[in-house]
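# An overview of the molecular structure
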Amino acid sequence: MQKPILVTGGTGTLGRAVVRRLLDAGNDVRVLSRRPRPADVPRGWATGDLRTGEGIAAATSGVDAIVHCATTLGRKDVAATQRLIDAARRNGDPHLIYISIVGVDQVPLFYYRAKFAAEKRVAASGLPWTILRTTQFHDLVARMTSVQRRSPVIGALAGVNFQPIDVRDVADRLAELAVGEPAGRVPDMGGPEIRSHRELARAYLDSTGHRRILLPVRLPGVAFAGYRRGGHLAPDQAVGRITFDEFLAEHKA
């Protein structure tokens, strides 16, 4: 009998896409969420909170693999990952698939440092594991501009490029990894294009019909120096298929 695949953060942007891919392929899926099970979901739901550990033992019981898409900020992310690992180990040896970010070991941003620390916990967990790093999602790059849309002047990071990737491309890969053998750290995934933040911000504004002045902003600090060096890019792994412009066109329709 097929064991379920647990998807943490299964109601989030990436998690929903992963769940859809796994279900479409005929897999038994269990979604972990802090929310109670909706009435229209008869099964495949586990209510639990990685921040406290409540419900995590039951969520990880009897699963074949865990795709860990849930995330939070800073050290809380590391602690949540460790709680998941501890619960999973008590319930056997499921394959743990962790989604991370390209450049977590190159760009000293606090969020990246936490993701890198969580990676280390996964690798040292004693569980069979796989880690996939990707570049920034289209949604995040768009949000960097959308949150400023009410301002007459939009800031864009000077000297910084991004290589945005679509969550659907990432979900396809995670679903593939979830049913495969543990592979350690697999090759990074980058979006199909590397473009300046200014170009991406202008593309977003054009797609939404907002006329705004773009102001180049050069932020200080070692983290943004790491961005300017391109530590968060994967030019040799530009395997994403959906471009940022295509993403914008879909959301405009």
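As a further point, take the nonpolar core. Val7, Leu14, Val18, Leu22, Val67, Leu132 and Leu174 are the most contacted members of the largest nonpolar core, which has 26 residues in total. Breaking this core down by element, the ones donating at least two residues are β1 (5-8), α1 (13-24), β2 (29-33), β4 (65-68), β5 (95-101) and α6 (167-178). Ignoring anything within four residues of it in the chain, the contact list for Val67 reads Ile5, Leu6, Val7, Thr8, Val18, Ile97, Leu174 and Ala178. By size, the runner-up hydrophobic cluster in this structure holds 23 residues, among which are Ile101, Tyr111, Tyr112 and Phe162.

Moving on to the side chain of His95. In this structure, His95 sits in strand β5. In this view, His95 contacts Asp64, Ala65, Ile66, Pro128, Trp129, Thr130, Leu177, Ala178, Gly180, Glu181 and Pro182; residues no more than four positions away in its chain are not counted.

Right, let's talk about helix α5 (residues 138-146) for a bit. Every buried residue of α5 is listed here: His138, Val141, Ala142, Thr145 and Ser146. Taken down its axis, α5 places every buried residue within 140° of arc, on the same side. Buried residues along α5 sit against β7 (153-157), β8 (161-162), α7 (197-208) and α9 (244-252).

Quick look at the packing of α1 against α6 now. Closest axis-to-axis distance for the α1/α6 pair is 8 Å, and the angle between their directions is 55°. Classified by the angle between their axes, α1 and α6 sit oblique to one another. Viewed along their axes, α1 and α6 form a crossing whose handedness is right-handed. Touching Thr13, Leu14, Ala17, Val18, Arg21 and Leu22 of α1 are Val167, Arg168, Val170, Ala171, Asp172, Leu174, Ala175 and Ala178, all from α6. Of the residues contributing to the contact of α1 with α6, the split by class is 10 nonpolar, one polar and three charged.

Between α7 and α9, the least distance of the axes is 10 Å, while the angle of their chain directions is 20°. As summarised for this structure, α7 and α9 are arranged roughly parallel, according to the angle between their axes. The two elements α7 and α9 cross, and the hand of that crossing is right-handed. For the pair formed by α7 and α9, the contact residues are Leu200, Ala203, Tyr204 and Ser207 on the first element and Phe244, Asp245, Leu248 and Lys252 on the second. Taken together, the residues of the contact of α7 with α9 sort by class into five nonpolar, one polar and two charged.

Right, let's talk about the environment of Asn161 for a bit. Relative to the helices and strands, Asn161 resides in strand β8. For Asn161, a relative accessible area of 32% gives the class partly exposed. Separated by 93 residues in the primary sequence, Asn161 and His68 have C-alpha atoms spaced 28 Å apart. Setting aside residues up to four positions removed in sequence, Asn161 forms contacts with Ile194, Arg195, Ser196, His197, His232 and Leu233. Looking at Asn161, its side chain comes within polar contact range of the main-chain nitrogen of Ser196, at 3.4 Å.

By the definition in use, this model includes four aromatic pairs. Geometrically, the ring pair formed by Tyr112 and Tyr227 is edge-to-face, given 6.1 Å between the ring centres and 75° between the ring planes. In this pair, Tyr112 is assigned in helix α4 (residues 110-123) and Tyr227 in helix α8 (residues 222-229), connecting sequence segments 115 residues apart. Summarising the burial analysis for this pair, Tyr112 and Tyr227 share the class buried. Relative to Phe247, the ring of Phe244 lies with its centre 6.1 Å away and its plane at 25°, an arrangement referred to as stacked. In this pair, Phe244 and Phe247 both sit in helix α9, three residues apart, roughly one turn of the helix. Each member of the pair Phe244 and Phe247 is classed as buried.

Overall, the coordinates contain 13 salt bridges when judged by the stated rule. Taken together, the salt bridges that share partners define one network made up of Arg21, Asp169, Asp172 and Arg241.

Calculation criteria
- Residues numbered from 1 in each chain as written.
- Predicted model: local features only at pLDDT ≥ 70, side-chain atom pairs only at ≥ 80, totals over all residues.
- Heavy atoms only, no water.
- Core = buried A, V, L, I, M, F, W, Y, C linked by side-chain atoms within 4.5 Å.
- Buried < 20%, exposed > 50% of the residue type's maximum accessible area, 1.4 Å probe, protein only.
- Helix = DSSP H or I, 4+ residues; strand = E, 2+ residues; numbered from the N terminus.
- Contact = heavy atoms within 4.5 Å.
- Arc of directions from axis to C-beta.
- Axes fitted to C-alpha atoms, helices over the stretch in contact; angles between N-to-C directions.
- Parallel < 35°, antiparallel > 145°, perpendicular 65-115°, else oblique.
- Left-handed = near helix turned anticlockwise from the far one by under 90°.
- Nonpolar A, V, L, I, M, F, W, Y, C, P; charged D, E, K, R; others polar.
- Polar contact = N/O pair within 3.5 Å; in protein donor to acceptor, adjacent residues only side chain to side chain.
- Phe/Tyr/Trp six-rings, centres within 6.5 Å; stacked < 30°, edge-to-face > 60°.
- Salt bridge = Lys/Arg side-chain N within 4 Å of Asp/Glu carboxyl O.

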